[in-house]
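Structural characterization, general
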Amino acid sequence: MTSYNPKEWISFIFSASKADTFQKLIPMMIIIGIYSGIIGYLEMIYWHLPEDSYVKNISVMHSLLGFVISLLLAYRTNTAYDRWWEGRRMWGGLVNSSRNLAIKLSVILKDESDRTYFRKMIPGYASILQKHLSDSDTAKQLFDDVDLEFDHHKHRPNQVAKILFQKISDLYTSNKITGDQLIILNNELQSFTDICGACERIKNTPIPYSYSAFIKKFIFIYVLTLPFAYVFILGYFVIPVVVFIFYVLASLELIAEEIEDPFGTDDNDLPTKKIAENIKKHVEELI
């Protein structure tokens with residue numbers, strides 16, 4: 001996750017990072033610029049279209065559709081950010097559940113071997129969950145055209161949760177904890193699985209294909225029609241104007257694509273590995 005100071009405007013404007021959409025869009029921006037130049041040449045030099053040509057009225061369509069495309073992109077960005085923020089909430093919940101479980105066990109357990117066991121296994125769940133969510137196969141579980149032949153016994157977070165509960169159950173059987181303490185600890189362990197399920201829901205349920213494809217096609221067609229109308233007003237200055245409009249619209253779509261899956265390896269994705277390391281540090285301090 002990129003670290004930055006939101007108050008440093010100058011560094012935002014003049015610096016470039018791997019997460020900057022400008023670098024990703026350079027090839028397409030060059031193509032759009034060349035295309036706009038060709039349209040300008042054809043209309044002004046080759047075809048000699050007059051100022052009162054009906055082609056100029058295409059700008060009316062852009063005025064009408066500009067509002068529509070702004071609504072679509074706003075909804076797209078907000079939806080993607082909601083997924084990013086929910087993922088952060090889930091991992092915040094995992095931090096709290098791990099701390100609570102460690103605090104309760106540190107008070108309840110007297111045997112050092114039992115304390116050592118949970119000192120390793122509690123942060124182990126966060127580490128395994130981080131690896132599970134970063135696995136590309138996890139995102140394909142609901143795809144109809146993909147047969148991954150999953151062995152459900154290899155769902156690693158579930159296996160760690162099962163081992164933790166088995167240990168808690170053994171402590172109860174050996175009378176090291178009471179029935180009331182078993183119920184209290186069970187609630188914390190159950191939250192682990194609830195968090196895993198919520199994260200998997202975000203990971204393997206992307207934005208519907210038809211919606212994402214429609215926005216991309218809409219942006220592309222919208223930008224391709226811009227030079228036809230505005231070349232009469234801007235001349236060859238239509239080239240940088242159209243390129244800039246494409247950059248703005250396409251950047252919003254790229255940003256939404258990046259943050260809608262918050263468990264990947266992009267610069268703006270959640271620092272789940274760092275969070276797992278912090279959980280390990282906190283649990284070791286408590287138990």
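Presented here is a report on the structure given in the accompanying data block. (Residues numbered from 1 in each chain as written. Predicted model: local features only at pLDDT ≥ 70, side-chain atom pairs only at ≥ 80, totals over all residues. Heavy atoms only, no water.)

1. Some details on the packing of aromatic side chains
The geometry of two aromatic rings is summed up by the distance between their centres and the angle between their planes. Note the threshold: Classification of ring pairs uses Phe, Tyr and Trp, with its six-membered ring standing for Trp, and accepts pairs whose centres are within 6.5 Å; under 30 degrees between planes counts as stacked, over 60 as edge-to-face, and the remaining range as tilted. Where helices and strands are cited, they refer to DSSP runs of H or I of at least four residues and of E of at least two residues respectively, numbered from the N terminus. Residue burial is assigned from relative accessible area. The probe radius is 1.4 Å, only protein chains are included, and a residue is buried under 20% of its type maximum, exposed over 50%, and partly exposed in between.
As enumerated under the stated definition, the model contains eight aromatic pairs in all. Considering the side-chain rings of Y81 and W84, the 5.7 Å spacing of their centres and the 20° angle between planes classify their relative orientation as stacked. Remark: W84 and Y81 occur in helix α3 (residues 58–108); sequence separation between them is three residues, near one turn of the helix. On the accessibility criterion, Y81 (43% relative accessible area) is partly exposed. Relative to F218, the ring of F214 has its centre 5.7 Å away and its plane inclined at 50°; by these criteria the two rings are tilted. Pair noted here: F214 and F218 are both in helix α7 (residues 209–234), with a separation of four residues, about one helical turn. On the accessibility criterion, F214 (46% relative accessible area) is partly exposed. A relative accessible area of 13% places F218 in the buried class. Grouped by ring-pair contacts, the aromatic residues F22, F244 and Y247 constitute a single cluster.

2. A closer look at the pattern of salt bridges
Stated precisely, the cut-off is as follows: By definition, a salt bridge exists where a carboxyl oxygen of Asp or Glu is found within 4 Å of a side-chain nitrogen of Lys or Arg.
Applying the stated criterion across every chain, the model contains 14 salt bridges. E258 is paired through a salt bridge with K24; the nearest N and O atoms lie 3.5 Å apart. On the criterion of sequence distance, the pair formed by E258 in helix α8 (residues 238–259) and K24 in helix α2 (residues 21–46) is long-range, its members being 234 residues apart. Under the relative-accessibility criterion, K24 is labelled partly exposed at 44%. For E253, the salt bridge identified is with K216, shortest N-O distance 2.7 Å. Placement of E253 in helix α8 and of K216 in helix α7 is noted, with a sequence separation of 37 residues between them. The buried category is assigned to E253, whose relative accessible area is 4%.

3. Considerations on the environment of L226
The following threshold applies: Only heavy atoms enter the contact rule, under which two residues are in contact if any of them lie within 4.5 Å.
Examined against the element boundaries, L226 turns out to sit in helix α7. Spatially, the C-alpha atoms of L226 and V238 are 8.5 Å apart, while their sequence positions differ by twelve residues. Setting aside residues no more than four positions away along its own chain, L226 makes contact with H62, V242 and I245.

4. Structural notes on the packing of α3 against α7
Heads up, the rule is: In this analysis an axis means a line fitted to C-alpha atoms, helices contributing only their contacting stretch, and an angle means the value between N-to-C directions, from 0 to 180 degrees. Oblique is the label for any angle not covered by the other classes, which are roughly parallel (under 35 degrees), roughly antiparallel (over 145) and roughly perpendicular (65 to 115). It is the rotation of the near helix from the far one that decides the hand of a crossing: anticlockwise by less than a right angle makes it left-handed, clockwise makes it right-handed. Note on residue classes: Ala, Val, Leu, Ile, Met, Phe, Trp, Tyr, Cys and Pro are nonpolar, Asp, Glu, Lys and Arg are charged, and everything else, Gly too, is polar.
At a minimum axis distance of 10 Å, the contact between α3 and α7 shows a crossing angle of 150°. With respect to α7, the axis of α3 lies roughly antiparallel. In this structure, α3 crosses over α7, and the sense of that crossing is left-handed. Counting all contacts with α3, which are made through I58, S59, M61, H62, L65, G66, V68, I69, L72, L73, Y75 and R76, the residues of α7 involved are Y211, S212, F214, I215, F218, I219, Y222, T225, L226, F228, A229 and Y230. Of the residues that constitute the contact of α3 with α7, the class distribution is 18 nonpolar, five polar and one charged.

5. Considering the nonpolar core
As a reminder of what qualifies: The set of buried Ala, Val, Leu, Ile, Met, Phe, Trp, Tyr and Cys residues whose side-chain atoms join them within 4.5 Å is what this entry labels a nonpolar core.
Counting 42 residues, the largest nonpolar core has W91, L94, L105, F118, I122, Y125 and I168 as its most contacted members. The set of elements that each furnish at least two residues to this core consists of α3, α4 (112–134), α5 (156–173), α6 (179–203), α8 and α9 (272–286). With ten residues, α3 is the single largest residue contributor to this core. Excluding residues within four positions of it along the chain, Y125 makes contact with L94, P157, V160, A161, F192, T193 and C196. In this structure, M29, L73, V223 and V242 belong to the second largest nonpolar core, which totals 20 residues.

6. A few points about the environment of I122
Position of I122 among the secondary structure elements: in helix α4. Overall, I122 belongs to the buried group, its relative accessible area being 0%. Measuring from C-alpha to C-alpha, the distance between I122 and V283 comes to 7.4 Å, with 161 residues separating the pair along the chain. The contact partners of I122, leaving out residues within four places of it in the chain, are S98, L101, A102, L105, L164, F192, V283 and I287.

7. Here's the deal with unusual backbone geometry
Positive phi is not limited to glycine here, since N175 has a value of about 65°. By secondary structure assignment, the location of N175 is in the loop between α5 and α6. Residue N175 is classed as exposed on the basis of its relative accessible area, which comes to 69%.

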